[in-house]
Structure formats: C-alpha cells, structure tokens
Amino acid sequence: TMENSKHTQGPWEYFPDKKIGSFIIAGKHTAPIAVASGHGDNEPNAKLIAAAPELLRALIQCQYQLQTWTESDAWSDQDEDAYELAAEIIKKATL
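Presented here is a report on the structure given in the accompanying data block. Here the structure is a predicted model, which is why all the values come from computation and not from measurement. (Residues numbered from 1 in each chain as written. Predicted model: local features only at pLDDT ≥ 70, side-chain atom pairs only at ≥ 80, totals over all residues. Heavy atoms only, no water.)

Computed from the structure, the largest pocket encloses a volume of approximately 180 Å³. As for the largest pocket, its lining consists of His7, Trp12, Ala52, Pro53, Leu55, Leu56, Leu59, Ile89 and Ala93. Mapped by element, the contributors of at least two residues to the lining of the largest pocket are α2 (52–68) and α3 (77–94). Broken down by element, the residue count for the lining of the largest pocket peaks at five residues, all from α2. Its residues assigned to classes, the lining of the largest pocket shows eight nonpolar, one polar and no charged. (1 Å grid on protein atoms, 1.4 Å probe; cavity = no way out; pocket = protein on both sides within 12 Å on 5 of 7 lines; lining within 4 Å. Points joined across faces, edges and corners; volume = space filled by probe spheres on them. Helix = DSSP H or I, 4+ residues; strand = E, 2+ residues; numbered from the N terminus. Nonpolar A, V, L, I, M, F, W, Y, C, P; charged D, E, K, R; others polar.)

Set out below in structure tokens:
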C-alpha cells in the first residue's frame, strides 16, 4: 500500500533550474528527489517523474478494483493479464 511505501510521499512537483538547464523534481517540503536533464526532453521526463506517486496510487486502486471482479463470471484472460501486470509494477515500485 501507499502508506507502507518507502518513497517520498506525493504530491511531487517539478520546476525549471535555469542555472543548470534542467528540471528539479521535489516533494512539497523535501529536498530535490530527482533532476531531469538530457537532450531536449527534460520537461516531459520531469512531468512523468513528478506524476509517479499519483500514478502508483491510481494503479493500486485499479488493481484493487480488478481484484473485486475475480469472483465474477465476467473475469477474462485480459483481466488476469492486467491484474498481474499491475501487481508486477506495484512490486517493482514499492520494494
């Protein structure tokens, strides 16, 4: 669950650092979490990184919703695949 996660809790924000030409990602009251720098794709990368806590929370909620369908006759192989993929990504993000 999100409460047991060891990462800095969201929301995260990103802002430009014109001095070094990149974007800094940070929590509301934390030191920088990451720096997005590269060859012109800095801002899209910073947006994705900053959205990570909300994306994880949404994935956990989707997985929970899928789990409630397991007893349903409507459960399909695609539902199983989605559930397993969600579980794999959640594990990767929280261990």
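Attention now goes to the sheet that holds strand β3 (residues 32–36). Ordered by their spatial adjacency, three strands build an open sheet running β1-β2-β3, and the pairing between neighbours is antiparallel. Lying at the two open borders of the sheet, with one neighbouring strand each, are β1 (12–17) and β3. In this sheet, neighbouring strand axes are inclined to one another by 25° on average, regardless of whether the strands run parallel or antiparallel. Alignment of strand β2 (residues 22–27) against β3, held across four bridges, turns out to be antiparallel. Residue pairing across strands places isoleucine 25 opposite alanine 34, the latter belonging to β3. (Pairing = 2+ DSSP bridges. Axes fitted to C-alpha atoms, helices over the stretch in contact; angles between N-to-C directions.)

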